[in-house]
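Descriptive structure summary
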Protein chains: 2
Amino acid sequence: MLVVITYDVSTIDPAGIKRLRRVAKVCQDYGLRVQNSVFECIVNSTELKQLKYKLTDIINEEEDSLRFYNLGENYKSKVVHIGTKDSVDLEDTLFM
Amino acid sequence: MLVVITYDVSTIDPAGIKRLRRVAKVCQDYGLRVQNSVFECIVNSTELKQLKYKLTDIINEEEDSLRFYNLGENYKSKVVHIGTKDSVDLEDTLFM
């Protein structure tokens, strides 16, 4: 399935900057960055659980915000991109 | 339907800062900001077309990026929020 992850991590202190880097690093292990704070990940339900667990463990729930949008298996018609950075075919890219 | 809009607008110059403000303003007319560059909009297909048209008209397609994710009508189970800013029930909020 395609899961879109968006995040706002508070970077007012060095600990926040570190959390931001760690969040991006974990997301990179599961998918592709399509915007600064937006990743698209092709995952199965086990991977999704791992990903939620890892990210929840990193963020400060008082200061940071994470959102997961599950677009399901038939997601290609549900995603529209306009502007710079062309849309990437995630499955072609991930499983080349 | 629920449409999630995410954007990266290049703010290296004053024109970019102006575009960023205009993009946010248009999105606010159609939905709720859930993160800095993420809006959730409950729209019908006519409103979605208008929204795409207005945003495409504002951005610089060489520098900025817009993405639309269509979560459909039955979106409540497809959105997970973790951390600060509790998830908002958009329909309750918009149609109070």
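Residues numbered from 1 in each chain as written. Chains lettered and ligands numbered in written order. Predicted model: local features only at pLDDT ≥ 70, side-chain atom pairs only at ≥ 80, totals over all residues. Heavy atoms only, no water.

Going by an unreviewed UniProt entry, chain A carries the name CRISPR-associated endoribonuclease Cas2 and comes from Alkalibacillus silvisoli.

Considering the sheet that holds strand 3 (residues 38–42) of chain A
Strand order in the open sheet made by the 5 strands is 2(A)-3(A)-1(A)-4(A)-5(B), with antiparallel pairing throughout. Looking at which strands have only one partner, the edges of the open sheet turn out to be strand 2 (31–35) of chain A together with strand 5 (79–83) of chain B. Sheet twist, expressed as the average angle between the axes of neighbouring strands with direction ignored, equals 20°. By the bridge criterion, 7 bridges tie strand 1 (residues 2–8) of chain A to strand 4 (residues 65–72) of chain A in an arrangement that is antiparallel. From the neighbouring strand, Val4(A) faces strand 4 of chain A, where its bridge partner is Tyr69(A). Its contacts with the sheet place helix 2 (residues 45–58) of chain A against strand 1, strand 3 and strand 4 of chain A together with strand 5 of chain B, and it is angled at close to 170° to strand 4 of chain A. (Pairing = 2+ DSSP bridges. Helix = DSSP H or I, 4+ residues; strand = E, 2+ residues; numbered from the N terminus. Axes fitted to C-alpha atoms, helices over the stretch in contact; angles between N-to-C directions. Contact = heavy atoms within 4.5 Å.)

Focus: the relation of the copies chain A and chain B
Under the fitted operation, chain A is carried onto chain B by 0.0 Å of movement along the axis and a turn of 180°, and the coordinates agree to an RMSD of 0.0 Å. A rotation of that kind, with that shift, is consistent with a two-fold axis. Minimal C-alpha separation from the rotation axis in chain A is found for Leu71(A), amounting to 3.2 Å. The residues that chain A uses at the interface reappear at the interface of chain B in 100% of cases, marking a shared surface. (Least-squares fit on C-alpha atoms with pLDDT ≥ 70 in both.)

Notes on the packing of helix 1 (residues 14–30) of chain B against helix 2 (residues 45–58) of chain B
All names here are of chain B. Close contact between helix 1 and helix 2 brings their axes to 9 Å; oriented N to C, the two are set at 170°. Relative to helix 2, the element helix 1 lies roughly antiparallel. Within the contact between the two elements, helix 1 uses Arg-19, Arg-22, Val-23, Val-26, Cys-27 and Tyr-30 and helix 2 uses Glu-47, Gln-50, Leu-51, Lys-54, Leu-55 and Ile-58. The residue inventory of the contact of helix 1 with helix 2, partitioned by class, reads 7 nonpolar, 1 polar and 4 charged. (Parallel < 35°, antiparallel > 145°, perpendicular 65-115°, else oblique. Nonpolar A, V, L, I, M, F, W, Y, C, P; charged D, E, K, R; others polar.)

Quick look at the sheet that holds strand 1 (residues 2–8) of chain B
In spatial order, the strands read 5(A)-4(B)-1(B)-3(B)-2(B); together these 5 strands make up an open sheet with antiparallel pairing. Every interior strand has two partners, whereas the edge strands, strand 5 (79–83) of chain A together with strand 2 (31–35) of chain B, have only one. Strand-to-strand twist in this sheet, taken as the mean axis angle between neighbours without regard to direction, amounts to 20°. Relative to strand 3 (residues 38–42) of chain B, strand 2 of chain B is paired through 4 bridges, and the arrangement is antiparallel. Across the sheet, Arg33(B) pairs through a bridge with Phe39(B), a residue of strand 3 of chain B. Its contacts with the sheet place helix 2 of chain B against strand 5 of chain A together with strand 1, strand 3 and strand 4 (65–72) of chain B, and it is angled at close to 170° to strand 4 of chain B.

Some thoughts on the state of the cysteines
Such a bond, covalent and formed between the sulfur atoms of two cysteines, is termed a disulfide. Residue and element names in this part refer to chain A. Under the counting rule described, the total for this entry stands at 0 disulfides over all chains. The cysteine Cys-27 is free of any disulfide, with Cys-41 supplying the nearest cysteine sulfur at 5.7 Å. Cys-27 sits in the buried class, given a relative accessible area of 0%. Residue classification places Cys-41 among the buried residues on the basis of a relative accessible area of 0%. (Disulfide = S-S within 2.5 Å. Buried < 20%, exposed > 50% of the residue type's maximum accessible area, 1.4 Å probe, protein only.)

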